[in-house]
Amino acid sequence: RLGLGARIAQRLTAPDWLPAAAQGALAIECRADATDVIDLVARLADTPTTLSVIAERTVVRALEGNCQVPIAAFAEFKGMTLHLTGWVGSRRSGHTLRNSAQASVLDAHDAERLGGDVAQALLAQGARALLDDVA
């Protein structure tokens, strides 16, 4: 939009650069008893996006992440297979860890399992020490 495209030296795209979990996903919230609204917006739900967000958020939740810790997760469907990459970094040392996994994901349970697997692999690599090094 600024007309500076010729100055772009590198594009930061996944999976080389990972966003925060669920970055860019949109959601609509309403009262639980507003069934007319729920029925209306249900048509907007996108199952692959929902399952991707569940997997990504599971990584963050399993690592006990919050807005203060450098954690990223990116999930992307390729056919019926969900590819998930998780990343943890240390602000002090600059050390980073990355782990990826893929699975056939048909429902929320499958997405949570995949997210948990990636988080557990990161913990096995030493993510807890990096996450505890937040100060």
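Residues numbered from 1 in each chain as written. Predicted model: local features only at pLDDT ≥ 70, side-chain atom pairs only at ≥ 80, totals over all residues. Heavy atoms only, no water.

A. Geometry of the sheet that holds strand β1 (residues 71-78). Strand order in the open sheet formed by three strands is β1-β2-β3, with antiparallel pairing between adjacent strands. The sheet is open, and its two edges are formed by β1 and β3 (96-104), each paired on a single side. Neighbour to neighbour, the strand axes of the sheet diverge by 15° on average, direction disregarded. Inspection of the sheet shows strand β2 (residues 81-89) paired to β3 by nine bridges, in the antiparallel sense. Of the residues in β3, the one forming a bridge with histidine 83 is glutamine 102. In the packing of helix α2 (residues 47-62) onto the sheet, contacts are made with β1 and β2, and the angle to β1 comes to roughly 150°. Packed onto the sheet, helix α3 (residues 108-125) meets β2 and β3 and runs at close to 150° relative to β3. (Pairing = 2+ DSSP bridges. Helix = DSSP H or I, 4+ residues; strand = E, 2+ residues; numbered from the N terminus. Axes fitted to C-alpha atoms, helices over the stretch in contact; angles between N-to-C directions. Contact = heavy atoms within 4.5 Å.)

B. Spotlight on the nonpolar core. Counting 21 residues, the largest nonpolar core has Leu63, Leu84, Val88 and Leu122 as the members making the most contacts within it. Sorting the residues of this core by element identifies α2, β1, β2, α3 and α4 (127-132) as the ones contributing at least two each. Here the element with the most residues in this core is α3; it accounts for five residues. Contact partners of valine 88, with chain neighbours within four places excluded, come to Leu63, Pro70, Ile71, His95, Thr96, Leu97, Leu122, Ala127, Leu130 and Leu131. (Core = buried A, V, L, I, M, F, W, Y, C linked by side-chain atoms within 4.5 Å. Buried < 20%, exposed > 50% of the residue type's maximum accessible area, 1.4 Å probe, protein only.)

C. Main features of α2. Along its 16 residues, α2 runs 22 Å from first to last C-alpha, staying within 8% of the 22 Å computed at 1.5 Å per residue. Structurally, α2 contributes buried residues whose contacts are with β1, β2 and α3. Just downstream of α2 lies glutamate 64, where phi reads positive at about 55°. (Expected span 1.5 Å × (residues − 1).)

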